[in-house]
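Okay, here's what each chain looks like letter by letter:
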Amino acid sequence: MKRPGMLPAQRLPRDNRSLAAIGLLLARGADNTAHATDRSLLAHLVGTAQLLLAWDTQIDVVRAGLCHSIYGTNAFLTSSLAPDERRLLQQTIGRRAESLVWLFSRLQRPATLISSLHNNALLVRQRCGLTRHVAPSALQQLFILECANLFDQGVPMQRARQLQRLAAHLPGTPHVMLQAMQDQRRRALLARCHRPAVKSPAQVMAR
């Protein structure tokens, strides 16, 4: 398994809570836990936090991004921290950030977040099948966190377009986030357009 190193330290939050979170992730083996696309869990978590930091999101959301799948999610079933260890994460990244991480792990996402925002509703569906009410501010923060999570993993073009449209209609969405999403979509489109449809004989022989 390829394990890319963490991205440049200057692009990460340098506060004590974020640094403590990285220490906790290392202690729980996130650097040795496989994630999608041949990356370690730690590389994905750091990449997500980097996007959130670059998008000028609140520090609690950045910290939540750094730990967003530490309890596991509906798509990533491996947990690095048990539910009865919530207090440990609260002490590490703060209660507000931990509450976002906990909610993120409980929801049937991304579908329920997209549906709730599209229908201007505050009810979200949990993995267990039940629904729960989420405050508007928390719903928006969870959506921004989801955008960073998916974009870090190379979200498909159609989903990227859907996420960007929703983000554009949310009040208070950082402009730099919308611009970054647009730029990433453009780069993905250009890469697709310039990808050879058929390999040349020389390319085939070189394999």
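Conventions and cut-offs
- Residues numbered from 1 in each chain as written.
- Predicted model: local features only at pLDDT ≥ 70, side-chain atom pairs only at ≥ 80, totals over all residues.
- Heavy atoms only, no water.
- Phe/Tyr/Trp six-rings, centres within 6.5 Å; stacked < 30°, edge-to-face > 60°.
- Helix = DSSP H or I, 4+ residues; strand = E, 2+ residues; numbered from the N terminus.
- Buried < 20%, exposed > 50% of the residue type's maximum accessible area, 1.4 Å probe, protein only.
- Lys NZ or Arg CZ within 6 Å of the ring centre and 35° of its normal.
- Expected span 1.5 Å × (residues − 1).
- Contact = heavy atoms within 4.5 Å.
- pLDDT = per-residue confidence, 0-100.
- Polar contact = N/O pair within 3.5 Å; in protein donor to acceptor, adjacent residues only side chain to side chain.
- Salt bridge = Lys/Arg side-chain N within 4 Å of Asp/Glu carboxyl O.

1. A word on the packing of aromatic side chains
Okay, step 1: Summed over the entire model, instances satisfying the criterion amount to 2 aromatic pairs.
Okay, step 2: Summarising the aromatic geometry, the rings of Y71 and W102 are spaced 5.2 Å apart at their centres and angled 85 degrees between planes, so their arrangement reads as edge-to-face. On the criterion of sequence distance, the pair formed by Y71 in the loop between helix 3 (59-66) and helix 4 (86-93) and W102 in helix 5 (residues 95-106) is long-range, its members being 31 residues apart.
Okay, step 3: Owing to a relative accessible area of 6%, Y71 belongs among the buried residues under this scheme.
Okay, step 4: Over the ring of W102 we find R106, and its NZ or CZ is 4.4 Å from the ring centre.

2. Some thoughts on helix 5
Okay, step 1: If you check helix 5, its first and last C-alpha atoms are 16 Å apart, about what 12 residues at 1.5 Å a residue would give, namely 16 Å.
Okay, step 2: Here helix 5 has its buried residues at A97, E98, L100, V101, W102, L103, F104 and S105.
Okay, step 3: Packing partners of the buried residues in helix 5 comprise helix 3, helix 4, strand 4 (131-133) and helix 7 (136-152).

3. Some thoughts on helix 8 (residues 157-169)
For an α-helix, the turn length of 3.6 residues means that residues three or four places apart are oriented alike.
Okay, step 1: The end-to-end C-alpha distance of helix 8 is 19 Å, a good match for the 18 Å that 13 residues give at a rise of 1.5 Å each.
Okay, step 2: Looking only at helix 8, the buried set comprises M157, A160, L163, Q164, L166 and A167.

4. A few points about the confidence of the model for the protein
Okay, step 1: Within the protein, residue pLDDT values average 83, and 83% of them lie at 70 or more.
Okay, step 2: Here residues 1-10 scores under 50 on pLDDT; set against residues more than four positions off or in separate chains, the count is 22 contacts.
Okay, step 3: Below pLDDT 50 for its whole length, residues 194-207 participates in 3 contacts with residues either more than four positions away or in separate chains.

5. Here we look at the side chain of T112
Okay, step 1: Within the fold, T112 resides in helix 6 (residues 111-118).
Okay, step 2: We classify T112 as buried; its relative accessible area is 8%.
Okay, step 3: If near-sequence neighbours (up to four positions away) are discounted, T112 is found in contact with L107, V124 and R125.

6. Digging into the environment of L123
Okay, step 1: Structurally, L123 is set in strand 3 (residues 123-125).
Okay, step 2: As a C-alpha pair, L123 and H133 span 10 residues in sequence and 4.6 Å in three-dimensional space.
Okay, step 3: With sequence-adjacent residues up to four places away left out, L123 is seen in contact with S116, R132 and H133.

7. Points about the side chain of D152
Okay, step 1: Topologically, D152 is positioned in helix 7.
Okay, step 2: Look at D152 and you get buried, because its relative accessible area is 18%.
Okay, step 3: Here R39 takes part through its side chain, which lies 2.8 Å from a polar atom of the side chain of D152.
Okay, step 4: Excluding its chain neighbours within four sequence positions, the residues that come into contact with D152 are R39, H44, G47, T48 and L51.

8. Focus on the pattern of salt bridges
One side chain can pair with another of opposite charge once the charged atoms of both are near each other.
Okay, step 1: Scanning the model with the defined rule gives 6 salt bridges in all.
Okay, step 2: Across the salt bridge formed by D152 and R39, the nearest N and O atoms sit 2.8 Å from each other. With D152 in helix 7 and R39 in strand 2 (residues 39-40), the pair connects residues that are 113 residues apart, well separated along the chain. As far as the burial class goes, D152 and R39 line up, both buried.
Okay, step 3: D60 serves as the salt-bridge partner of R63, at 3.5 Å between the closest nitrogen and oxygen. Taken as a pair, R63 and D60 lie in helix 3 at a separation of 3 residues, close to a single helical turn.
Okay, step 4: What makes R63 buried here is its relative accessible area of 13%.
Okay, step 5: Given the relative accessible area of 17%, D60 is considered buried.
Okay, step 6: Taken together, the shared-partner salt bridges in this structure form one network comprising D15, D60 and R63.

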